[in-house]
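For reference, the chains in residue letters:
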Amino acid sequence: MAFLGVVASVSYYALKKPEQVLEKPHKPLPVQTVNYLQPGISISSSLYIKALLESVMSITEPEYGPYEINIIASYLALPRKRKEMIKGDNINLIWTTEDINTIKELIKVPFHTMKGVLGYRAMIIQADRQDEFSKITNLEELQLMKPGQVKVWSDTYIYKSNNFNVVTSRKMFSLFPMLESNRFDFLPLGISEINQEYLSIKQKYPSLAIETDLLIKYSLHMFLMVSPNEPILAERLLKGLLEIEKSGEFDRIFNEFIQPEMNNIQMQNRRIIQLKNP
């Protein structure tokens, strides 16, 4: 009889109609706006960072809400960039290296967005000097050559710190005629961008070519840097980057936009010259 009493009790409560609870409607999350200041980078790199931002913002939408990405292609001198980024109204995100020109007030998203390949550099040289570079086997021999760089690039400081006599220019496009006229000996560029840069200038400067035997290497990373007034955006970006890394989407985007450029220069066939990044 006791067993039947328990069954009857359970059945009673199972059949009892639960009280309806009225849930308060959820307030929609505001649109988070990303105003990304894009530097003068190669086509593949610009497509890469655009795809990366889209993936990161999309995967975090359920938690952080809708978003809008504005790409602002404009050059700002460092004092103006610093002022605008700290304020955060017109631009709130940059993609840059961490170096002596880093704006200290910004929030760094601690994720290596380029997997460390930024520090691998191939060179544009005068084509008829390839034999000279083919004979170079170590840093001391390369230091006898003068590199050309844009004055404000972080790489310029690295080469000077490694005892190179660096020739500088304010603008990148000025470096090609300077190289052609023997103002310096080689123009080192990132392996993810050098092929596209060369293709864009080879008709105008037919005497130049991509050097075939050497690869310069030093530690250099690209980070997303966020306005100090946008801590939630910095949090969202890091969480999204970690999620797409775990899912394999980060590798897929990298392999689509960056890996083909690396394959073009045949890294595996080159001698590596190691520099220090102070």
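Residues numbered from 1 in each chain as written. Predicted model: local features only at pLDDT ≥ 70, side-chain atom pairs only at ≥ 80, totals over all residues. Heavy atoms only, no water.

## Side note on the overall build of the protein chain
Next, step 1: Scanning the protein chain from N- to C-terminus turns up 12 helices and 12 strands.
Next, step 2: Looking at the protein chain residue by residue over its 278 residues, the buried ones come to 45%.
Next, step 3: When contacts within the protein chain are restricted to residue pairs at least 6 apart in sequence, those whose partners lie at least 24 apart make up 78%.
Next, step 4: As presented, the protein chain carries roughly 15600 Å² of accessible surface, and 54% of it is formed by carbon and sulfur atoms. (Helix = DSSP H or I, 4+ residues; strand = E, 2+ residues; numbered from the N terminus. Buried < 20%, exposed > 50% of the residue type's maximum accessible area, 1.4 Å probe, protein only. Contact = heavy atoms within 4.5 Å. Areas by Shrake-Rupley, 256 points an atom, 1.4 Å probe, with all protein chains shown as cover.)

## So, the sheet that holds strand 1 (residues 32-38)
Next, step 1: Taken together, the five strands give an open sheet; going across it, the order is 2-1-3-11-4, and neighbouring strands pair in mixed fashion. Both edges of this open sheet fall to strand 2 (67-73) and strand 4 (107-109), since each of them pairs with a single strand only. The mean angle between the axes of side-by-side strands here comes to 35°, regardless of whether they run parallel or antiparallel.
Next, step 2: Pairing analysis gives three bridges linking strand 4 to strand 11 (residues 222-226), with the strands arranged antiparallel. (Pairing = 2+ DSSP bridges. Axes fitted to C-alpha atoms, helices over the stretch in contact; angles between N-to-C directions.)

## Comments concerning the pattern of salt bridges
Next, step 1: Under the definition given, this model contains 12 salt bridges.
Next, step 2: Among the ionic pairs, R270 bridges to E211, the shortest N-O distance being 3.7 Å. Within this pair, whereas R270 is found in the loop between helix 12 (259-264) and strand 12 (271-274), its partner E211 is found in the loop between strand 9 (208-210) and strand 10 (214-217), the two being separated by 59 residues in sequence.
Next, step 3: Judged by its relative accessible area of 10%, R270 falls in the buried class.
Next, step 4: Note that R252 is salt-bridged to E249, the shortest N-O span being 2.9 Å. Placement of the pair is R252 and E249 together in helix 11 (residues 249-257), with a separation of three residues, close to one helical turn. (Salt bridge = Lys/Arg side-chain N within 4 Å of Asp/Glu carboxyl O.)

## Things to note about unusual backbone geometry
Next, step 1: The backbone phi angle of N163 is positive, close to 65°, even though this residue is not glycine.
Next, step 2: Since its relative accessible area comes to 62%, N163 is described here as exposed.
Next, step 3: With a phi angle near 50°, Q266 is a residue other than glycine that sits in the positive phi range.
Next, step 4: Counting through the fold element by element, Q266 comes out in the loop between helix 12 and strand 12.
Next, step 5: Given a relative accessible area of 44%, Q266 falls into the partly exposed group.

## Some thoughts on the layout of surface pockets
Next, step 1: Put simply, the largest pocket is a space of about 1500 Å³.
Next, step 2: In terms of lining residues, the largest pocket is bounded by 43 residues, among which P39, G40, Y75, V152 and W153 are the most central.
Next, step 3: Put simply, the parts of the chain that give the lining of the largest pocket at least two residues each are strand 1, helix 4 (78-87), strand 3 (93-97) and helix 7 (154-161).
Next, step 4: The element best represented in the lining of the largest pocket is strand 3, accounting for four residues.
Next, step 5: Looking at the lining of the largest pocket residue by residue, the classes come out as 23 nonpolar, 11 polar and nine charged. (1 Å grid on protein atoms, 1.4 Å probe; cavity = no way out; pocket = protein on both sides within 12 Å on 5 of 7 lines; lining within 4 Å. Points joined across faces, edges and corners; volume = space filled by probe spheres on them. Nonpolar A, V, L, I, M, F, W, Y, C, P; charged D, E, K, R; others polar.)

## Looking at a positive patch on the surface
Next, step 1: A cluster of basic side chains, namely K151, K160, R170 and K171, defines a positive patch on the protein surface.
Next, step 2: Tracing the backbone shows K160 in helix 7.
Next, step 3: Assessed through its relative accessible area of 48%, K160 is described here as partly exposed. (Patch = residues over 30% accessible without salt bridge, like charges linked within 9 Å, V, L, I, M, F, W, Y side chains within 5 Å. Lys, Arg positive; Asp, Glu negative; His and termini not counted. Charge placed at Lys NZ, Arg CZ, Asp CG, Glu CD.)

## Examining the packing of aromatic side chains
Next, step 1: Taken as a whole, this structure holds eight aromatic pairs when the rule is applied.
Next, step 2: With a centroid separation of 6.2 Å and an interplanar angle of 25°, the aromatic rings of F176 and Y205 are classed as stacked. Here F176, found in helix 8 (residues 175-180), pairs with Y205, found in the loop between helix 9 (194-201) and strand 9; they are 29 residues apart in sequence, far enough to count as distant. For the pair F176 and Y205, one class covers both residues: buried.
Next, step 3: Grouping aromatic residues by their ring pairs yields a cluster made of F133, Y159, F164, F186 and Y218. (Phe/Tyr/Trp six-rings, centres within 6.5 Å; stacked < 30°, edge-to-face > 60°.)

## Brief notes about the nonpolar core
Next, step 1: By size, the foremost hydrophobic cluster in this structure holds 71 residues, and its most contacted members are Y48, I124, F133, F186, L224 and L237.
Next, step 2: Element by element, the count of residues in this core is highest for helix 2 (residues 43-59), at six residues.
Next, step 3: Counting nine residues, the second largest nonpolar core, distinct from the first, contains L37, L76, I94 and F223. (Core = buried A, V, L, I, M, F, W, Y, C linked by side-chain atoms within 4.5 Å.)

## Side note on the side chain of Q149
Next, step 1: Relative to the assigned elements, Q149 resides in strand 6 (residues 148-150).
Next, step 2: Residue Q149 is classed as buried on the basis of its relative accessible area of 0%.
Next, step 3: Apart from residues lying up to four places away in sequence, Q149 is in contact with D155, T156, Y159, V166, V167, T168, S169, L175, L187 and P188.

Structural measurements only, silent on function.
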